[in-house]
Amino acid sequence: MIQLLFTVIFSEMAMILLFLFKTPLRKLLIMGLDRVKRGRGPVMVKTVAGTVFVVLMSSVYSMVKIRKRGIDDGGVVNPTDQVLMAKHLLEATLMGSVLFLALMIDRLHHYIRELRMRRKSMEAVKKQNRSFEEGKVEETKALEAEVSTLREKLKQLESELEVKSKEVNTSEANAVALRKQSEGFLFEYDRLLEENQNLRSQLQSVDFRVSRSTSKKNT
């Protein structure tokens, strides 16, 4: 019994040491414990732990009985009771150590799994952040390219607007010139019309005089 408990304790200590250092054996140990915790494994572990705890309580009870017997005998403990007391104390200590180390292994396994899951989630978040940053950089580059294209289009439109404004100014100048020319034509037309009327009136007066002189000669 004692040799078995020492073997279990040393095995548990070796498992704890394997948990403390990152080696391939730790990975195998974690995989083995994962398999143990599946299916009926937890029930078997709890059954063994319950049995060890019951035996531990039995050893403690036996020590209390021996202690009480010594007190009843006037504080004198015979050699047999001393041997039994030492044996039960050693067994109780070893079984308590077994249970404590088993609890330590369970917690270490749990925390290592949690740490691995957190690391994986952190790596996934980092990858998402990198992809987001890369997408943001690409989007920024696309926006910069679009801005440069719009600037070129704006420059082209400004040049076209400048050309159109020059054409409009030229057209306005031509229109003003044509308006002035048409006004000059109208003025000239009015002058010619007035001269024509004057010439007609003079011609009528001349005809009238000629007709009068002709009529006088005939008489």
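- Going by the annotation in an unreviewed UniProt entry, the name recorded for the protein is Endoplasmic reticulum transmembrane protein, with Dovyalis caffra given as the source organism.
- The Subcellular location (unreviewed entry) comment attached to the protein in UniProt states, word for word, "Endoplasmic reticulum membrane".
- Here the protein is described in UniProt, under the heading Sequence similarities (unreviewed entry), as follows: "Belongs to the BCAP29/BCAP31 family."

## A word on the UniProt feature "coiled-coil region" (unreviewed entry) in the protein
Line of reasoning, step 1. Mapped onto this numbering, the UniProt entry gives "coiled-coil region" (unreviewed entry) at residues 140-209.
Line of reasoning, step 2. Taken end to end, residues 140-209 comprises 100% helix and 0% strand; its first and last C-alpha atoms sit 101 Å apart.

## Notes on the environment of Tyr-61
Line of reasoning, step 1. Relative to the assigned elements, Tyr-61 resides in helix H3 (residues 41-72).
Line of reasoning, step 2. Relative accessible area serves as the criterion here: at 54%, Tyr-61 is assigned to the exposed category.
Line of reasoning, step 3. Considered as a pair, Tyr-61 and His-88 are 27 residues apart in the sequence and their alpha carbons are 9.3 Å apart.

## Describing a nonpolar patch on the surface
Line of reasoning, step 1. Together, Phe-6, Phe-10, Met-13 and Leu-90 line one region of the surface with nonpolar side chains, adding up to about 370 Å² of accessible area.
Line of reasoning, step 2. Mapped onto the secondary structure, Met-13 falls in helix H1 (residues 2-20).
Line of reasoning, step 3. Of the residues examined, Met-13 reaches a relative accessible area of 39% and is grouped as partly exposed.

## Quick look at the UniProt feature "transmembrane region" (unreviewed entry) in the protein
Line of reasoning, step 1. Mapped onto this numbering, the UniProt entry gives "transmembrane region" (unreviewed entry) at residues 6-22, 43-64 and 92-112.
Line of reasoning, step 2. Its end C-alpha atoms 30 Å apart, residues 92-112 is made of 100% helix and 0% strand.

## Considering the nonpolar core
Line of reasoning, step 1. Judged by nonpolar contacts, the single largest core of 17 residues is most densely connected at Leu-5, Ile-9, Phe-19, Leu-33, Met-95 and Ile-105.
Line of reasoning, step 2. Elements represented by at least two residues in this core include exactly H1, helix H2 (24-36), H3 and helix H4 (79-218).
Line of reasoning, step 3. The element best represented in this core is H4, accounting for seven residues.
Line of reasoning, step 4. Dropping the residues within four chain positions of it, Phe-19 is found in contact with Arg-26, Leu-29, Ile-30, Leu-33, Ile-105, Leu-108, His-109 and Ile-112.

## Looking at the side chain of Glu-91
Line of reasoning, step 1. Relative to the helices and strands, Glu-91 is located in helix H4.
Line of reasoning, step 2. Of the residues examined, Glu-91 reaches a relative accessible area of 7% and is grouped as buried.
Line of reasoning, step 3. Not counting residues within four places of it along the chain, the set of residues in contact with Glu-91 comprises Met-1, Ile-2, Leu-5 and Ser-59.

## Focus: H2
Line of reasoning, step 1. Between its terminal C-alpha atoms H2 stretches 19 Å, which fits the 18 Å expected from 13 residues at 1.5 Å a residue.
Line of reasoning, step 2. Regarding H2, the residues found buried are Arg-26, Leu-29, Ile-30, Leu-33 and Asp-34. Taken around the axis of H2, the buried residues stretch over an arc of 140°, which confines them to a single face. For H2, the exposed residues set more than 90 degrees away from the buried face come down to Pro-24, Lys-27, Leu-28 and Arg-35.

## Some points on the layout of surface pockets
Line of reasoning, step 1. Roughly 830 Å³ of volume is contained in the largest pocket.
Line of reasoning, step 2. In terms of lining, the largest pocket is formed by 24 residues, of which the most central are Glu-12, Val-45, Lys-46, Ala-49 and Ala-102.
Line of reasoning, step 3. When residues of the lining of the largest pocket are traced back to their parent elements, those giving at least two are H1, H2, H3 and H4.
Line of reasoning, step 4. Of the residues that constitute the lining of the largest pocket, the class distribution is 19 nonpolar, one polar and four charged.
Line of reasoning, step 5. Estimates place the volume of the second largest pocket at around 280 Å³.
Line of reasoning, step 6. Along the walls of the second largest pocket sit Lys-22, Thr-23, Arg-26, Lys-27, Ile-30, Ile-112, Leu-115, Arg-116, Arg-119, Lys-120 and Glu-123, which together make up its complete lining.
Line of reasoning, step 7. Elements represented by at least two residues in the lining of the second largest pocket include exactly H2 and H4.

Rules used in this analysis
- Residues numbered from 1 in each chain as written.
- Predicted model: local features only at pLDDT ≥ 70, side-chain atom pairs only at ≥ 80, totals over all residues.
- Heavy atoms only, no water.
- UniProt positions renumbered as here; feature names shortened; annotations may be inferred.
- Helix = DSSP H or I, 4+ residues; strand = E, 2+ residues; numbered from the N terminus.
- Buried < 20%, exposed > 50% of the residue type's maximum accessible area, 1.4 Å probe, protein only.
- Patch = residues over 30% accessible without salt bridge, like charges linked within 9 Å, V, L, I, M, F, W, Y side chains within 5 Å.
- Areas by Shrake-Rupley, 256 points an atom, 1.4 Å probe, with all protein chains shown as cover.
- Salt bridge = Lys/Arg side-chain N within 4 Å of Asp/Glu carboxyl O.
- Core = buried A, V, L, I, M, F, W, Y, C linked by side-chain atoms within 4.5 Å.
- Contact = heavy atoms within 4.5 Å.
- Expected span 1.5 Å × (residues − 1).
- Arc of directions from axis to C-beta.
- 1 Å grid on protein atoms, 1.4 Å probe; cavity = no way out; pocket = protein on both sides within 12 Å on 5 of 7 lines; lining within 4 Å.
- Points joined across faces, edges and corners; volume = space filled by probe spheres on them.
- Nonpolar A, V, L, I, M, F, W, Y, C, P; charged D, E, K, R; others polar.

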